Amino acid sequence: MKIGKREVERRIQHFQDVCKDAGVKLTHQRLEIFREVAQTGDHPDAEKVFQGVRKRMPTVSLDTVYRTLWMLNDVGLIRTIGASRERTRFDANLSDHHHFVCRKCGKMIDFAADSLDDLHTPDVVNTYGLIESTHVEIRGVCHKCASRQ
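If you're wondering where the values come from, they're calculated on a predicted model, not measured in any experiment.

Undergrad: Honestly, the packing of aromatic side chains in this entry has me stumped. Any pointers?
TA: The description of an aromatic ring pair rests on the distance of the ring centres and on the angle between the ring planes. Summed over the entire model, instances satisfying the criterion amount to one aromatic pair. Taken together, a centroid distance of 4.7 Å and an interplanar angle of 10 degrees make the contact between Phe 15 and Phe 34 stacked. Of the two residues, Phe 15 sits in helix α1 (residues 5-22) while Phe 34 sits in helix α2 (residues 28-38), which places them 19 residues apart along the sequence. For the pair shown, Phe 15 and Phe 34 are each scored as buried.

Undergrad: What am I meant to see in the nonpolar core here?
TA: Across soluble globular proteins, nonpolar side chains have a tendency to be buried as a group. Membership of the largest hydrophobic core comes to 24 residues, with the highest contact counts inside it found for Ile 33, Phe 34, Leu 69 and Leu 72. Of all the elements in the fold, those that place two or more residues in this core are α1, α2, α3 (46-56) and α4 (62-74). Ignoring anything within four residues of it in the chain, the contact list for Leu 69 reads Ile 33, Val 37, Ala 46, Val 49 and Ile 78.

Undergrad: Any chance you could explain the packing of α3 against α4 here in plain terms?
TA: α4 packs onto α3 with a crossing angle of 120 degrees between their chain directions and a minimal axis gap of 9 Å. The angle between α3 and α4 places the two elements in the oblique class. Pair α3 / α4 crosses with right-handed handedness. Where α3 approaches α4, its residues Ala 46, Glu 47, Val 49 and Phe 50 are matched on the opposing element by Leu 62, Val 65, Tyr 66 and Leu 69. Residues of the contact of α3 with α4, tallied by class, amount to seven nonpolar, no polar and one charged.

Conventions used here
- Going along each chain's sequence as written, the residues are numbered from 1 onward.
- Under the rules for a predicted model, residues below a pLDDT of 70 receive no local features and side-chain atom pairs below 80 are neither given nor counted, while totals for whole chains, interfaces and linings still include all residues.
- Only hydrogens and water are removed before side-chain values are computed, so all heavy atoms of the structure are retained for them.
- Between rings of Phe, Tyr and Trp, where Trp is taken as its six-membered ring, a pair exists when centres lie within 6.5 Å; planes separated by under 30 degrees are stacked, by over 60 edge-to-face, and by other angles tilted.
- Secondary structure is summarised from DSSP: a helix means a run of H or I of at least four residues, a strand means a run of E of at least two, and numbering begins at the N terminus for each.
- Any residue under 20% of the maximum accessible area for its type is buried, any over 50% is exposed, and the rest in between are partly exposed; the area is computed with a 1.4 Å probe on protein chains only.
- Definition of nonpolar core: a set of buried residues of the types Ala, Val, Leu, Ile, Met, Phe, Trp, Tyr and Cys, connected through side-chain atoms within 4.5 Å.
- Between two residues, a contact is recorded if the distance between any of their heavy atoms is within 4.5 Å.
- Geometry is summarised by axes, namely lines fitted to C-alpha atoms with helices restricted to the contacting stretch, and by angles between N-to-C directions that run from 0 to 180 degrees.
- By definition in this entry, angles of less than 35 degrees are roughly parallel, angles greater than 145 are roughly antiparallel, angles of 65 to 115 are roughly perpendicular, and the rest are oblique.
- Crossings are assigned a handedness: left-handed for a near helix turned anticlockwise from the far helix by less than a right angle, right-handed for a clockwise turn.
- Residues are sorted three ways: Asp, Glu, Lys and Arg are charged, Ala, Val, Leu, Ile, Met, Phe, Trp, Tyr, Cys and Pro are nonpolar, and all the rest, Gly among them, are polar.

Structure follows, in structure tokens:
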């Protein structure tokens, strides 16, 4: 799904403002990597971003794409969806539960919440496909990491 030109331009301006405020050097590679994510609603992975940017910048490396994506995440310009930075996690707890994930250390804590188990799924989601399950992942900073700051 393509994002409109005006929205992409707004996102690019926001990118430039955040980089300036955070003291992050604004390079052509970083701009093009951000643009690749900003212009699509498809939630691309690093490999897809790499392939898109490489069409415009054949010398860009996959390592540069990964490092830039994590930097963009760290300054709040993009968000990760799914697995953590280090590795995919596995869970043998098949009972209904949800997760708190520390964005600093990656610690994942199970918790139960009847209100989230009974979460109403908006009707529009049914137009995307058949819902098999729902899971809530709450991201934040655990007490241990927060006390170190």
